[in-house]
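Examining the three-dimensional arrangement
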Amino acid sequence: MPSPYSEIELIEFLKGIPKAFLVHARGHRFEAVLGGRIPFLNHMAARARAAGYRPLVIYGRQAKSLVWALRRHLHVSVEMATFRQPNLPVCGPTYIRGFWSVDPQGAGYFTTMAERQFDPGAVDPHDARVFFDRIADHTLDGSNSRRDQKERSGAKRPAAAAVFLQDIDTWRERMDDLTTRQMIAAVAEATDRRIYVKPHPCTKSEVRREQVAIAKQYDHIRVTDANIHDLIAAADCVVTQNSSVGFEALLHRKPVITCAKSDFAHATLPVKHPNDMAPAMARAAQWQRDFPFEAYVTWFMGQNMFEEASEASMDAAWSEIVRLNGTWRERLYQRLKASSSSSLASTQAAPSPPISFFQNGARDFR
């Protein structure tokens, strides 16, 4: 691995580049960007070159002084999972493989989607039907799910609910309204019919053991690792804290109950307290009949996300990165101006940075 660059050394290196498209990434994300294994960023790099920018990947998240000193460049942070990053535009994969968000404040459920208003009347019904059917056809067999799935094994026995778990209880920032224990218990106590419970495939073994032990306290719960689409199809409703499976359930036109912060909460029955679970499950059938699934999926995924397979969508993603850099730089300028008594008209006037290290400096990528 190359020797670390101090922040000052990195700034000096980048000062010699007229215009750069700087992707901030860490860990496996850095290696994936550098190796050209993220198609979305390959598309962005091609558009950057066409616009006269040199695509570079920086190991690490920025210090404010770094991005201020390099304010003539374009910046974006890449996150492969849920992450809050209000200091830079953020891009990350969303709930359907091949679709990405470009957002001013974060990835996953930290995007600004939760703050946007869904108006089904503003979505063309024909366009919605075409888009929904296309995405559903490529997702319900599991091939376009966010995570790889086992082959579908056929119909499962009918169930009142399919509950999809996460390791959300271990996260540093509390996002859940119901803990995993509360969620399982609330569903189990709301019905005496069969319930499927599927642990998350990336959950640590000790957390999984605890979750399975909770589920096995109830005779009508079946713990399973079956394909998510088989479980969704068999269930009257889907229950999760904020797993991406909840969004995929919308492609089955199934009612979804969420028990944590979610950026697709417009399309769910949120449960904030264990006592709210039984009423939510009782309402699910009517909600399913009334909800405009096609319009919602089209609005969320087709109108607010960016599809790798569409050149027009990739052009729009690049335009959004450029736009967000403009608004973000102005906000950063105002914050720094307010916090500094010296002029910020030049690079030298920016606050002196603490030394931080970018282990691979700035590297060219595709």
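In this report, the structure presented in the accompanying data block is examined. (Residues numbered from 1 in each chain as written. Predicted model: local features only at pLDDT ≥ 70, side-chain atom pairs only at ≥ 80, totals over all residues. Heavy atoms only, no water.)

Looking at the sheet that holds strand β11 (residues 221-223)
In spatial order, the strands read β11-β10-β9-β12-β13-β14; together these six strands make up an open sheet with parallel pairing. Whereas interior strands pair on both sides, the edge strands pair on one side only; in this sheet they are β11 and β14 (269-270). Across five bridges, strand β9 (residues 159-164) lies against strand β12 (residues 235-240) in parallel orientation. By the bridge assignment, A159 is partnered in β12 with A235. In the packing of helix α6 (residues 180-190) onto the sheet, the strands contacted are β9, β10 (195-198), β11 and β12, and the crossing angle to β9 comes to about 180°. (Pairing = 2+ DSSP bridges. Helix = DSSP H or I, 4+ residues; strand = E, 2+ residues; numbered from the N terminus. Contact = heavy atoms within 4.5 Å. Axes fitted to C-alpha atoms, helices over the stretch in contact; angles between N-to-C directions.)

As for the packing of aromatic side chains
As enumerated under the stated definition, the model contains 20 aromatic pairs in all. Judged by centre distance (5.7 Å) and plane angle (85°), the ring pair of W287 and F293 falls under edge-to-face. The exposure classification of W287 matches that of F293, with both residues buried. Here a set of aromatic residues connected by ring pairs shows up, and it is made of Y95, F118, F247, F264, W287, F291, F293, Y296, W299 and F300. Between the NZ or CZ atom of K19 and the centre of the ring of Y53, over which it lies, the distance is 4.3 Å. (Phe/Tyr/Trp six-rings, centres within 6.5 Å; stacked < 30°, edge-to-face > 60°. Buried < 20%, exposed > 50% of the residue type's maximum accessible area, 1.4 Å probe, protein only. Lys NZ or Arg CZ within 6 Å of the ring centre and 35° of its normal.)

A short note on the packing of α6 against helix α10 (residues 277-290)
Where α6 meets α10, the closest approach of the two axes is 9 Å, and the angle between their N-to-C directions is 60°. Between α6 and α10, the crossing angle belongs to the class labelled oblique. Two packed elements cross with a definite hand, and for α6 against α10 that hand is right-handed. Where α6 approaches α10, its residues M183, A186, V187 and A190 are matched on the opposing element by M277, A278 and M281. Classifying every residue of the contact of α6 with α10 by side-chain character gives seven nonpolar, no polar and no charged. (Parallel < 35°, antiparallel > 145°, perpendicular 65-115°, else oblique. Left-handed = near helix turned anticlockwise from the far one by under 90°. Nonpolar A, V, L, I, M, F, W, Y, C, P; charged D, E, K, R; others polar.)

Examining the nonpolar core
With 66 residues, the main nonpolar core has V239, F247, I257, M277, Y296, F300 and M301 as its most contacted residues. It is helix α11 (residues 293-304) that provides the largest number of residues to this core, a total of seven residues. Sequence-distant contacts of Y296, that is, excluding residues within four places in its chain, are made with F118, F247, L250, D263, F264, H266, A267 and F291. Counting residues in each nonpolar core, the second largest holds 26 residues, with F21, F30, Y53 and V57 among its members. (Core = buried A, V, L, I, M, F, W, Y, C linked by side-chain atoms within 4.5 Å.)

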